[in-house]
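Letter by letter, the chains look like this.
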Amino acid sequence: MDLQLLKSSFRNIFNTEPVLVKSPGRINIIGEHTDYNDGFVMPAAINKAIYVAVSKRDDHEIHLYSESYQQKHVSSLDNIEKSEKGWANYILGVADQIKKRGYNFTGFNLYLDGNVPLGAGLSSSAALECATAFALNHLNGLGISQMDLALISQKAEHEFAGVNCGIMDQFASVFGKKNHAVMLDCRSMKYVYIPLNLEGYKLVLLNTNVKHSLADSAYNKRRLQCEQGVAWVKAHFPKINSLRDVSVGMLDEFVKPKDLDIYQKCRFVVEEIERVVKAADQLANGDLVALGELMFATHEGLSTNYEVSCKELDFLVNFVKDFDGVLGARMMGGGFGGCTINIVRDERIDVLIEQVKISYKKEFNLDLDAYVVETGNGSELAV
Ligand code: ADP
Ligand code: MG
């Protein structure tokens, strides 16, 4: 991102000096659909980010401009309402949450640009929310903690985007650290940084470039199915509040007889939480082969049991399964499109990308994008 250009674009529109903030997109090594079940996740921030240039205003107005959409939006701080412009809602939602927490702040100008691919499962939406939250906190000296910036952003996504997401994406965007993944316990909110030692290998994302419309409704439905499973177990073990505390044995006894579909969904989550714990050990031991196998197992679970994959994602994971130099692969993110994440040996990356592009095009008549991932830091001032 050209920061000088960002600044001058801001000046041209708003006629004043901005502060620049960046907040990254994220990948997730393993731990899918576990965040809203109080489980573990293992995301990392990437070197693709949303950038915002911001300044305070003397009045109570919010003036927004999106470079990608070439659109302006104006709103009053005193009466923040949802807009038909999807992109503006992520920003308005954050301002609304900060206000609801009782913080006082002035109107602001915000110019937005970024290079996180939209809707690819790299969480451009969380990056946008977290950039906004970081910027408003900084501009007004509100003293909001990093964890609260993430929580405010998550709540904004619930209320202004209508996606009842867990905390992983916003957490990763705020807390990411270059060359590290972060293992987060979504129940205690404790986290540890795990060095990403991938010597000789890299993480490669293959973007299906599809996002099936089922995604948001299926996501919300899965959440309800998990809650139902917990409720059936809780009837016998009152202390249990989430799938984090549930064993496969409990599911066999109390959920399977009631509803086989809900059983399958809950079982995936319970097993996926275990896989994240194993993956942390494997990364610490440098055992990338074992980690790769776990990723394939996660994909199998997401596709067959949790049923959030799609034919494009399954095709990509199948394609790399027997490809020399690929240790592991799985769909990443909520599902029904977006990217797969792959561990690939350095010297096999180019040939893999070349061949998978050809096959994908042949199969779906669609172009595939590939990104070799570099990790990056979480939300920060951009200078
Ligand atoms: P994901 O978070 O997986 O990228 P979402 O559908 O949750 O996909 O969020 C994408 C939305 O976020 C876009 O439709 C747009 O409204 C907003 N957005 C993301 N990046 C930008 C950007 N650079 N400029 C404007 N809006 C953006
Ligand atoms: Mg999103």
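The structure under discussion appears in the preceding block.
Residues numbered from 1 in each chain as written. Chains lettered and ligands numbered in written order. Predicted model: local features only at pLDDT ≥ 70, side-chain atom pairs only at ≥ 80, totals over all residues. Heavy atoms only, no water.

**Student:** Looking at this model, I keep getting lost on the sheet that holds strand β4 (residues 61–66). Mind explaining?
**Tutor:** Strand-to-strand pairing in sheets goes through backbone hydrogen bonds, with the strands running parallel or antiparallel. Overall, mixed pairing links the six strands, which are arranged β5-β4-β6-β3-β1-β13 in an open sheet. With one partner strand each, in any of the chains shown, β5 (71–76) and β13 (380–381) form the two edges of the open sheet. Against the sheet, helix α3 (residues 124–140) makes contact with β1 (19–28), β3 (43–56), β6 (108–114) and β13, and its axis sits at roughly 45 degrees relative to β3, the strand it touches most. The strands that helix α5 (residues 168–175) touches are β1 and β3; relative to β1, the one it contacts most, it runs at about 125 degrees. (Pairing = 2+ DSSP bridges. Helix = DSSP H or I, 4+ residues; strand = E, 2+ residues; numbered from the N terminus. Contact = heavy atoms within 4.5 Å. Axes fitted to C-alpha atoms, helices over the stretch in contact; angles between N-to-C directions.)

**Student:** Got a minute to help me understand the packing of aromatic side chains in this structure?
**Tutor:** Two numbers describe a pair of aromatic rings. These are the distance of the centres and the angle of the planes. In the structure shown here, the tally under the stated rule is 14 aromatic pairs. Ring geometry for F315 versus F364: centroids 5.4 Å apart, planes at 85 degrees, classification edge-to-face. On the criterion of sequence distance, the pair formed by F315 in helix α10 (residues 311–321) and F364 in helix α11 (residues 349–364) is long-range, its members being 49 residues apart. Look at F315 and you get buried, because its relative accessible area is 18%. (Phe/Tyr/Trp six-rings, centres within 6.5 Å; stacked < 30°, edge-to-face > 60°. Buried < 20%, exposed > 50% of the residue type's maximum accessible area, 1.4 Å probe, protein only.)

**Student:** Where do I start with helix α1 (residues 3–14) in this structure?
**Tutor:** Residues separated by three or four positions in an α-helix point in the same direction, a consequence of the helix having 3.6 residues per turn. Compared with the 16 Å implied by 1.5 Å per residue over 12 residues, the 16 Å span of α1 between its first and last C-alpha is a close match. Within the sequence span of α1, burial applies to L3, L6, S9, F10 and F14. In a view along the axis of α1, the buried residues occupy a sector of 120 degrees, so they form one face of it. Exposed residues pointing more than 90 degrees away from the buried face of α1 are listed as Q4, L5 and N12. Elements in contact with the buried residues of α1: β1, β3, β4 and β6. Capping of α1 at its N-terminal end is provided by D2; its side-chain oxygen lies 3.0 Å from the backbone amide nitrogen of Q4. (Expected span 1.5 Å × (residues − 1). Arc of directions from axis to C-beta. Polar contact = N/O pair within 3.5 Å; in protein donor to acceptor, adjacent residues only side chain to side chain.)

**Student:** Would you mind showing me how to read the pattern of salt bridges here?
**Tutor:** Close approach of charged atoms allows side chains of opposite charge to pair. In this structure the tally under the stated criterion is 22 salt bridges. Residue K100 pairs with D96 through a salt bridge whose shortest N-O separation is 2.9 Å. Of the two residues, K100 and D96 both sit in helix α2 (residues 86–100), four residues apart, roughly one turn of that helix. Taking the relative accessible area as the measure of exposure, D96 reaches 8% and is therefore buried. The shortest N-O distance in the salt bridge between E272 and R275 comes to 2.8 Å. Of the two residues, E272 and R275 are both situated in helix α8 (residues 260–284); the distance of three residues between them amounts to about one turn of the helix. Of the residues examined, E272 reaches a relative accessible area of 0% and is grouped as buried. Ionic contacts of the salt-bridge type, sharing partners, join the residues D96, K100, K155 and E159 into one network. (Salt bridge = Lys/Arg side-chain N within 4 Å of Asp/Glu carboxyl O.)

**Student:** Please explain the site of ligand 1 as it appears in this structure.
**Tutor:** Surveying the vicinity of ligand 1 reveals 19 residues, the closest of which are L118, G119, S124, S125 and K211. In the environment of ligand 1, an oxygen atom lies 2.6 Å from a nitrogen or oxygen atom belonging to the side chain of S124. Note that an oxygen atom of ligand 1 is positioned 3.0 Å from one of the side-chain N or O atoms of S125. Compared with its free state, where it exposes 560 Å², ligand 1 has 85% of that area covered by protein. At a threshold of 2 Å from the grid points, most atoms of ligand 1 map onto the largest pocket. When contributions to the shell around ligand 1 are tallied by element, the ones reaching two or more residues are α2, β6 and α3. In terms of residue count, the dominant contributor to the shell around ligand 1 is α2 (three residues). A breakdown of the residues in the shell around ligand 1 according to their chemical character gives nine nonpolar, nine polar and one charged. (Near = heavy atom within 4 Å. Areas by Shrake-Rupley, 256 points an atom, 1.4 Å probe, with all protein chains shown as cover. 1 Å grid on protein atoms, 1.4 Å probe; cavity = no way out; pocket = protein on both sides within 12 Å on 5 of 7 lines; lining within 4 Å. Sits in = over half its atoms within 2 Å of the grid points. Nonpolar A, V, L, I, M, F, W, Y, C, P; charged D, E, K, R; others polar.)

**Student:** Any chance you could explain the layout of surface pockets here in plain terms?
**Tutor:** To find the voids left in a structure, one rolls a probe of water-molecule size over its atoms. Counted as a void, the largest pocket has a volume near 970 Å³. Lining the largest pocket are 46 residues; nearest its centre among them are G119, S123, S125, E157 and K211. Those elements that provide at least two residues to the lining of the largest pocket are α2, β6, α3, α5, α6 (214–234) and β11 (337–345). The leading source of residues in the lining of the largest pocket is α3, at four residues. (Points joined across faces, edges and corners; volume = space filled by probe spheres on them.)

**Student:** Would you explain the state of the cysteines in this entry?
**Tutor:** The term disulfide refers to a covalent linkage connecting the sulfur atoms of a pair of cysteines. This model, assessed by the stated rule, comprises zero disulfides. Cysteine C226 remains unbridged, with the sulfur of C266 as its closest cysteine sulfur at 5.2 Å. Given the relative accessible area of 2%, C226 is considered buried. Overall, the relative accessible area of 0% leaves C266 in the buried class. (Disulfide = S-S within 2.5 Å.)

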